[in-house]
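A closer look at the structure
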Amino acid sequence: MFNQLGGGTNNPNKDVEVTSPPDDTVSSLEFSPPSVPQTFLVAGSWDCRVRCWEVEASGKTVPKAAQGMDGPILDVAWHDDGTKVFMASTDKSVKCWDLAANQCMQVAAHDAPVKACHWVKAPNYNCLMTASWDKTLKFWDTRSAVPVMTMNLSERCYCADVDYPMAVVGTADRGICLYTLEGKPAEFKRVESPLKYQHRCIAIFRDKKTMQPTGFALGSVEGRVAIQYVNPANPKDNFTFKCHRAGGSTTGSFQDIYAVNDIAFHPVHGTLATVGSDGSFSFWDKDARTKLKSSETLDQPLTKCAFNHSGQVFAYAVGYDWSKGHEHYNPAKKNYIFLRPCFDDLKPRTT
């Protein structure tokens, strides 16, 4: 499907490079929903812009449009009909970008930077969920300037995910709040993170038989991922595993530990991908508790990843994540987004 490209230190996995990438680190990456016949990719960046590309079957990417906000973009989310993209920014607002008209309109506001935005499509309502560093979670009817509902969080939102009828928010105090979205949004329960260190990313997974959301994967700055079921049939179903670490193979030698920057679940196989500050991505089968594949390491961190809705394409973003401080920032290094065909690599282990 894709033409393999030349490698080198910038692209050791020989993946397809997205044309005209952002000028700064990518903070959010999302493929268009199944309602759209073509495949589009949007990326929000610290350069205060959101860009949209069309991804052709050959893997060729065509830049379509871009929109800016008054601060770095922290999250993007598609409307379920694929006509609009929501953009959350440090300027404390969320805007709705109508792609056909190429117009933007503010649809949400907070008292601090907005870390996450997700479109909620329920049988009896639609709304936009936003979570902010002002320690609130808000639900918006995008036609109104006032939120339909505001819920207090115990701390700033660091990560969030939605897969109807479930929403999950991770906060700065290592708390995790679970919500049910059926009928209307309501808090379901609060749990403490099973990981000892600050979490960076969270992703909901589904039960393989019922295809209903049943738990979440949580990644932390300490090169570790926790798999947590909301109602585990057996306490042993919940476990953590190490990833994005280097060295330490010989006794007494030190291991370099890197942050897990993003987690994405494959829409067909239910397996998952992680990307980290070590500059690599890995594919995992959580049920077989095994690694399916690890990539060659790039010379910069990987900040975000996403699967397209059919699970054929894996996208990952490359850029500096400031995990090693300002002294390691090299403005000469470019930011990249790469695409790779991934369907077979993510097939679960046959048991």
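The structure presented is a predicted model; accordingly, all values stated were derived computationally and were not measured.

A look at the sheet that holds strand β18 (residues 199-206)
A sheet is described by the order of its strands in space; here 4 strands give the open sequence β18-β19-β20-β21, paired in antiparallel fashion. Two strands close off the open sheet at either side, each with one partner strand: β18 and β21 (239-242). When the angles between neighbouring strand axes are averaged without regard to direction, this sheet yields 20°.

Here's the deal with the environment of A217
Structurally, A217 can be placed in strand β19 (residues 213-220). Under the relative-accessibility criterion, A217 is labelled buried at 0%. Residues A217 and T271, 54 residues apart in the sequence, show an inter-C-alpha distance of 11 Å. With residues near it in sequence (within four places) discarded, A217 still touches C201, I202, A203, F205, V225, A226, I227, I263 and F265.

What about the packing of aromatic side chains?
Applying the stated criterion to the full structure yields 16 aromatic pairs. When the centroid spacing of 5.1 Å and the interplanar angle of 90° are considered together, the rings of F283 and F314 count as edge-to-face. In this pair, F283 is assigned in strand β26 (residues 281-285) and F314 in strand β29 (residues 313-318), connecting sequence segments 31 residues apart. Note on F283: relative accessible area 0%, which makes it buried. F314 sits in the buried class, given a relative accessible area of 0%. Aromatic side chains W322 and Y329 sit 4.7 Å apart centroid to centroid with 25° between the ring planes, which places their arrangement in the stacked category. Relative accessible area serves as the criterion here: at 39%, Y329 is assigned to the partly exposed category. Feature note: the residues F281, F283, F307, F314, Y316, Y336 and F338 constitute an aromatic cluster, connected by ring pairs. The side chain of K286 reaches across the aromatic face of F205, ending 4.4 Å from its centre. Above the plane of the ring of F239 lies R289, whose end atom (NZ or CZ) is 3.8 Å from the centre.

Topic: the UniProt feature "repeat: WD" (unreviewed entry) in the protein chain
Per the UniProt record, the feature "repeat: WD" (unreviewed entry) sits at residues 66-107, 107-150 and 260-294. With 0% helix and 57% strand, the stretch residues 107-150 has end C-alpha atoms that lie 15 Å from each other.

Here we look at the pattern of salt bridges
Pairing of side chains with opposite charge becomes possible as their charged atoms draw close. Summed over the entire model, instances satisfying the criterion amount to 19 salt bridges. E192 is the partner of R174 in a salt bridge, and the nearest nitrogen-oxygen pair spans 3.3 Å. Within this pair, whereas R174 is found in the loop between β15 (166-171) and β16 (175-180), its partner E192 is found in strand β17 (residues 186-192), the two being separated by 18 residues in sequence. Classification of R174 as partly exposed rests on a relative accessible area of 22%. The partner of R224 in a salt bridge is E222, and the shortest N-O contact between them spans 3.1 Å. The exposure class assigned to R224 is partly exposed, which follows from its relative accessible area of 21%.

Considerations on the nonpolar core
Among the nonpolar cores identified, the biggest contains 19 residues, and M129, L137, V169 and Y179 are the most heavily contacted of them. If you list the elements that add at least two residues to this core, you get β10 (114-121), β11 (126-132), β12 (136-140), β14 (157-163), β15 and β16. Those residues within four positions of L137 in sequence are excluded, and the remaining contacts are M129, T130, A131, M149, T150, M151, L153, V169 and Y179. Core analysis: the second largest hydrophobic core is formed by 17 residues, F283, L302, F314 and F338 among them.

Concerning the layout of surface pockets
By volume, the second largest pocket amounts to about 310 Å³. Forming the boundary of the second largest pocket are 22 residues, of which D299, Q300, P301, Y320 and K333 lie nearest the centre. Grouping the constituent residues of the lining of the second largest pocket by class yields 6 nonpolar, 9 polar and 7 charged.

Considerations on the pairing of β26
Among the 5 residues that make up β26, 5 are buried, leaving the element largely enclosed by the rest of the structure. Of the two faces of β26, the one holding F281, F283 and D285 and the one holding S282 and W284 are both buried throughout. As paired elements, strand β25 (residues 272-276) and β26 share 4 bridges and run antiparallel to each other. Of the residues in β26, the one forming a bridge with L272 is W284. Counted along the chain from β25 to the antiparallel partner β26, the turn is 4 residues long, and its residue G279 has a positive phi close to 85°. Judged from the 4 bridges that link them, β26 and strand β27 (residues 290-294) form a sheet pairing that is antiparallel. Opposite D285, over in β27, you have T290 as the bridge partner.

Analysis parameters
The residue count restarts for each chain, going from 1 along the sequence in the order it is written. Residue-level local features of this predicted model are given only where pLDDT is at least 70; pairs of side-chain atoms are given and counted only at 80 or more, and the full residue set underlies all totals for whole chains, interfaces and linings. Excluded from the side-chain calculations are hydrogens and water; all other atoms, namely the structure's heavy atoms, are used. Pairing between strands requires that DSSP locate at least two bridges from one strand to the other. Where helices and strands are cited, they refer to DSSP runs of H or I of at least four residues and of E of at least two residues respectively, numbered from the N terminus. A fitted line through C-alpha atoms serves as each axis, taken over the contacting stretch for helices, and the angle formed by two N-to-C directions is quoted from 0 to 180°. In this scheme, a residue with accessible area under 20% of its type's maximum is buried, one over 50% is exposed, and one in between is partly exposed, where area comes from a 1.4 Å probe on protein chains only. Contacts are assigned to residue pairs with any non-hydrogen atoms lying within 4.5 Å of each other. A pair of aromatic rings is counted whenever rings of Phe, Tyr or Trp (Trp by its six-membered ring) have centres within 6.5 Å, and the orientation is called stacked for planes under 30 degrees apart, edge-to-face for over 60 and tilted otherwise. In our convention, an over-ring charge means Lys NZ or Arg CZ found within 6 Å of a ring centre and within 35 degrees of that ring's normal. UniProt positions are given in the numbering used here, feature names are shortened, and annotations may be inferred rather than shown by experiment. What makes a salt bridge here is a side-chain nitrogen of Lys or Arg within 4 Å of a carboxyl oxygen of Asp or Glu, nothing more. For our purposes a nonpolar core is just a set of buried Ala, Val, Leu, Ile, Met, Phe, Trp, Tyr and Cys residues, chained together by side-chain atoms within 4.5 Å. Buried and open spaces are told apart on a 1 Å grid over the protein atoms alone, a cavity being a set of points where a 1.4 Å probe fits but cannot get out and a pocket being an open set with protein on both sides within 12 Å along at least five of seven lines. Residues with an atom within 4 Å of a point are the lining residues. Grid points are joined across faces, edges and corners, and a volume is the space filled by probe spheres set on the points. The nonpolar class holds Ala, Val, Leu, Ile, Met, Phe, Trp, Tyr, Cys and Pro. Asp, Glu, Lys and Arg form the charged class, and all remaining residues, Gly among them, are polar.

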